[in-house]
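Summary of structural features
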Amino acid sequence: MVRCGCVWFRKYGNFIDNLRLFTRGGSGGMGYPRLGGEGGKGGDVWVVAHKKMTLKQLKDKYPQKRFVAGEGANSRVSALKGSRGKDCEIPVPVGISVTDENGKVIGELNKENDRILVAEGGLGGKLLTNFLPLKGQKQVIHLDLKLIADIGLVGFPNAGKSSLLSQVSHAKPTIADYAFTTLKPELGKIMYNDFRQVSVADLPGLIEGAHMNKGMGHKFLKHIERTKQLLFVVDISGFQLSSQTQYRTAFETIILLTKELELYKEELQTKPALLAVNKMDLPGAQDKFHLLMHQLQNPKDFLHLFEKNMIPERTMEFQHIIPISAITGEGIEELKNYIRKSLDEHTNQENGAYHKKQLLNLKISNTVSYNELPPMNAVTSPR
């Protein structure tokens, strides 16, 4: 059994998850009609991913939020081909989705040094343009941060997500017995003894109706899209947001969380998922846990407890269900090991599927090549 070491943890201050920027490519340089000289092309504007960058740093460094590339040089007797204008690079964090003013996705930056062209420079003056330069492309873009993490924590407020992270880290997240103690995304990293790292995103708590943007709504759900796997954290005693809202058992909580994910985007239900049943130190927790396991093994027998519009099309299938207590530390080491095991299994499956696809493509390629060969007795050229 691999034991886990310390966990690195960071809480974002003044968290910013979207920005609107003006971009413009550089204008081209003038051509030289008498000698047929061409002006230099204007520089391009690129969005480039950097691991140590945040949107807040970008906003602080460039408060005008305006990015213009350099102009191309004019053609002249000593240099008939004008030099190209200098490109402009916008440094952004990894995990950015870039869209235009109409919401159309231009591209995504998922790893270090990924880059997207957002505003192209204008052509330099030449015969085709009657030696007149063209202006660079203008575009207003939106940078939308969707956190990338191995594990995304899913749970209603007060499920104990912050307490769980405090158990596996040296950090001091806000913990209290009222809803929404986590108001900004928090990222942590579990460090294993063999130097393996697993990133975990603790996100603002869901409530019923989140798919309609209630509570933290879409702010929560858009971040969870970019996690590899989900870790449901559920209070074994159930959940009640306030005295005006209905009490939900642990089983009802899981069903409602599943429905919220489905209503926002069905693909979220296809992600591998684990379930951590928290607060097992409370009186009567063992009996409630046995009941919960029975309900999860036979979910259809209990769906009559819900209104029809609250029942998901498909129930969540958990790879592992781990009873824990974030207060006493019960089950925490087991949970860490299951997280790693699940991620490794998923990686192996992805690699296996990739190799199968490559093999299939190779077979198809060989079949096409064989079929294209002329028959042995075919005449391939006139005598």
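Quick caveat: nothing in here was measured; it's all calculated off a predicted structure.

Some thoughts on the pairing of strand S10 (residues 149–154)
- Counting buried residues in S10 gives six out of six residues, a clear majority hidden from the surface.
- With five bridges connecting them, S10 and strand S13 (residues 227–235) associate as parallel partners. The residue bridging Ile151 from the neighbouring strand is Gln229, located in S13.
- Two elements, S10 and strand S12 (residues 197–202), share two bridges in a ladder whose sense is parallel. Bridged to Ile151 within S12 is Val200.

Examining the packing of aromatic side chains
- For the coordinates displayed, the defined rule picks out five aromatic pairs.
- Connected via pairs of aromatic rings, a cluster forms that spans Phe251, Phe302 and Phe306.
- Positioned over the ring face of Trp46 is Arg115, at 5.2 Å from the centre of the ring.
- In this arrangement the basic side chain of Arg340 is found over the ring face of Tyr192, its NZ or CZ atom lying 5.0 Å from the centre.

A closer look at the sheet that holds strand S6 (residues 96–100)
- Taken in spatial order, the five strands line up as S4-S2-S9-S6-S7 in an open sheet, and their pairing is mixed. A single partner strand is all that each edge strand has here, and the edge strands are strand S4 (66–68) and strand S7 (105–109). In this sheet, neighbouring strand axes are inclined to one another by 25° on average, regardless of whether the strands run parallel or antiparallel.
- Bridge count for strand S2 (residues 18–24) against strand S9 (residues 138–145) is seven bridges, and the pairing is antiparallel. Paired with Leu19 across the strands is Leu143, a residue of S9.

Some thoughts on a nonpolar patch on the surface
- A cluster of nonpolar side chains, Leu35, Val77 and Leu80, forms an exposed patch at the surface whose accessible area comes to about 250 Å².
- Mapped onto the secondary structure, Val77 falls in the loop between S4 and strand S5 (88–93).
- On the accessibility criterion, Val77 (56% relative accessible area) is exposed.

Describing the packing of helix H4 (residues 250–264) against helix H5 (residues 285–297)
- Remark: H4 packs on H5, axes separated minimally by 9 Å, with the N-to-C direction vectors making an angle of 40°. In terms of axis orientation, H4 runs oblique to H5. Across the interface between the two elements, Ala250, Phe251 and Ile254 of H4 pack against Leu292, Gln295 and Leu296 of H5.
- Looking at the contact of H4 with H5, its residues break down into five nonpolar, one polar and no charged.

Description of empty space enclosed by the protein
- All chains considered together, the criterion is met by two cavities of 30 Å³ or more.
- Every residue lining the second largest cavity is listed: Phe156, Pro157, Asn158, Ala159, Val233, Val234, Asp235, Gly238, Phe239 and Thr253.
- At three residues, the largest contribution of residues to the lining of the second largest cavity is made by S13.
- In terms of residue class, the lining of the second largest cavity is built from six nonpolar, three polar and one charged.

Here's the deal with the pattern of salt bridges
- This structure, assessed with the given rule, holds 17 salt bridges.
- Here Lys41 ties to Asp44 by a salt bridge, and the two come within 2.8 Å at their closest N and O atoms. Assigned by exposure class, Lys41 and Asp44 land together as buried.
- The network of salt bridges with common partners includes Lys41, Asp44, Arg84 and Asp87.

What counts, and at which threshold
Each chain carries its own residue numbering, running from 1 in the direction its sequence is written. In keeping with the predicted nature of the model, local features appear solely for residues at pLDDT of at least 70, side-chain atom pairs appear and are counted solely at 80 or more, and the whole-chain, interface and lining totals rest on all residues. Side-chain measures were taken over the full set of non-hydrogen atoms in the model, leaving aside hydrogen atoms and water. Throughout, exposure labels follow a simple rule: accessible area from a 1.4 Å probe, protein chains only, divided by the maximum for the residue type, with under 20% read as buried, over 50% as exposed, and the rest as partly exposed. Secondary structure elements follow DSSP: runs of H or I no shorter than four residues count as helices, runs of E no shorter than two count as strands, and numbering proceeds from the N terminus. Strands pair, by our definition, only if DSSP identifies at least two bridges between them. Only Phe, Tyr and Trp rings are paired, with Trp represented by its six-membered ring, and only when their centres lie within 6.5 Å; those with planes under 30 degrees apart are stacked, over 60 edge-to-face, the remainder tilted. We call a charge positioned above a ring when the Lys NZ or Arg CZ atom is no farther than 6 Å from the ring centre and deviates by at most 35 degrees from the ring normal. A fitted line through C-alpha atoms represents every axis, and for helices the fit uses only the stretch in contact; the resulting angles, taken between N-to-C directions, go from 0 to 180 degrees. Patch membership requires over 30% relative accessible area and the absence of a salt bridge. Like charges are linked within 9 Å, and nonpolar side chains (Val, Leu, Ile, Met, Phe, Trp, Tyr) within 5 Å. Working definition of accessibility: Shrake-Rupley area with a 1.4 Å probe, residue cover restricted to the visible protein chains. Think of a salt bridge as a Lys or Arg side-chain nitrogen and an Asp or Glu carboxyl oxygen that are within 4 Å of each other. To sort the angles, those under 35 degrees are grouped as roughly parallel, those over 145 as roughly antiparallel, those from 65 to 115 as roughly perpendicular, and the leftovers as oblique. Note on definitions: a residue-residue contact is assigned when non-hydrogen atoms from the two residues lie within 4.5 Å. Residues were grouped as follows: Ala, Val, Leu, Ile, Met, Phe, Trp, Tyr, Cys and Pro as nonpolar; Asp, Glu, Lys and Arg as charged; and all remaining residues, including Gly, as polar. Computed over the protein atoms alone on a 1 Å grid, cavities are sets of points where a 1.4 Å probe fits but cannot get out and pockets are open sets with protein on both sides within 12 Å along at least five of seven lines; a residue lines them when it has an atom within 4 Å of a point. Grid points are joined across faces, edges and corners, and a volume is the space filled by probe spheres set on the points.

Treat this as a map of the structure, not an account of what it does.
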